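So the chains spell out like this:
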Amino acid sequence: MGRDLFTVLAEPARRALLDELVAGERSVGDLVAATRTAQPSVSKHLAVLADAGLVRVRAEGARRIYALDPTPLGAVDRWLAPYRAAADRRLEVLERRLDAVAAAEGVPRTVPRRVPRRKRPGGPGVSRR
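Attention in this report is confined to the structure presented alongside it. (Residues numbered from 1 in each chain as written. Predicted model: local features only at pLDDT ≥ 70, side-chain atom pairs only at ≥ 80, totals over all residues. Heavy atoms only, no water.)

A few words on the sheet that holds strand S1 (residues 26–27). Across the sheet, three strands lie side by side as S1-S3-S2; this open sheet has antiparallel pairing. Because the sheet does not close on itself, it has two edges, and the strands there are S1 and strand S2 (55–60). Against the sheet, helix H2 (residues 12–22) makes contact with S1, S2 and strand S3 (63–68), and its axis sits at roughly 85° relative to S3, the strand it touches most. (Pairing = 2+ DSSP bridges. Helix = DSSP H or I, 4+ residues; strand = E, 2+ residues; numbered from the N terminus. Contact = heavy atoms within 4.5 Å. Axes fitted to C-alpha atoms, helices over the stretch in contact; angles between N-to-C directions.)

In structure tokens, the structure reads:
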């Protein structure tokens, strides 16, 4: 892994390629078409992603097939954890305040209560929202 993961992910074109690979394996040609980016640029960005361990490549005849490897994203997930916890705490304070205002005004709460975030077993996964 030659580059800092955050530096690799900072490039919008690389994130776009990862977004495409979340759905499954793709050829370079598929990625070129999906991102509307020139093939040399896509190949360059795929090489950087591969160097960072974020994608795997396999040969299928003359084609190269790329697949997402989310394992290195665990570092990003761990880095984000305290920020998610801080956001959750702020949302909990807001919910308590909204409940207090609704109770003081005698108005039933119309917004459903937020479901607490569950801890993910194992490690980070890639989720699509």
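This part is about helix H5 (residues 73–105). Spanning 33 residues, H5 covers 46 Å between terminal C-alpha atoms, matching the ideal 48 Å at 1.5 Å per step. Turning to H5, its buried residues are Gly74, Val76, Asp77, Asp88, Glu95 and Ala102. In this structure, the buried residues of H5 make contact with helix H1 (5–10). Backbone geometry just downstream of H5 places glycine 106 in the positive-phi region, at approximately 70°. (Expected span 1.5 Å × (residues − 1). Buried < 20%, exposed > 50% of the residue type's maximum accessible area, 1.4 Å probe, protein only.)

Moving on to the environment of aspartate 4. Structurally, aspartate 4 is set in the segment before H1. In this structure aspartate 4 comes out as partly exposed when scored by relative accessible area, which is 44%. Residues aspartate 4 and alanine 52, spaced 48 residues apart in sequence, show a C-alpha to C-alpha distance of 7.7 Å. A distance of 3.2 Å separates a polar side-chain atom of aspartate 4 from the backbone nitrogen of phenylalanine 6. (Polar contact = N/O pair within 3.5 Å; in protein donor to acceptor, adjacent residues only side chain to side chain.)

The full count for this structure, using the stated rule, is five salt bridges. When the shortest N-O distance is used, the salt bridge between arginine 84 and aspartate 77 registers 2.9 Å. Residue classification places aspartate 77 among the buried residues on the basis of a relative accessible area of 18%. The structure contains a network of salt bridges with shared partners spanning Glu25, Arg58, Glu60 and Arg63. (Salt bridge = Lys/Arg side-chain N within 4 Å of Asp/Glu carboxyl O.)

The relation between two aromatic rings is expressed through the spacing of the ring centres and the mutual angle of the planes. On inspection of all chains with the given rule, the structure shows two aromatic pairs. An angle of 65° between the planes, with centres 5.3 Å apart, marks the rings of phenylalanine 6 and tryptophan 79 as edge-to-face. Separated by 73 residues along the polypeptide, phenylalanine 6 in helix H1 and tryptophan 79 in helix H5 bring together distant segments of the chain. Pairing tryptophan 79 with tyrosine 83 gives two aromatic rings, centres 5.0 Å apart and planes at 45°, and the pair type is tilted. Of the two residues, tryptophan 79 and tyrosine 83 are both situated in helix H5; the distance of four residues between them amounts to about one turn of the helix. The partly exposed category is assigned to tryptophan 79, whose relative accessible area is 45%. (Phe/Tyr/Trp six-rings, centres within 6.5 Å; stacked < 30°, edge-to-face > 60°.)

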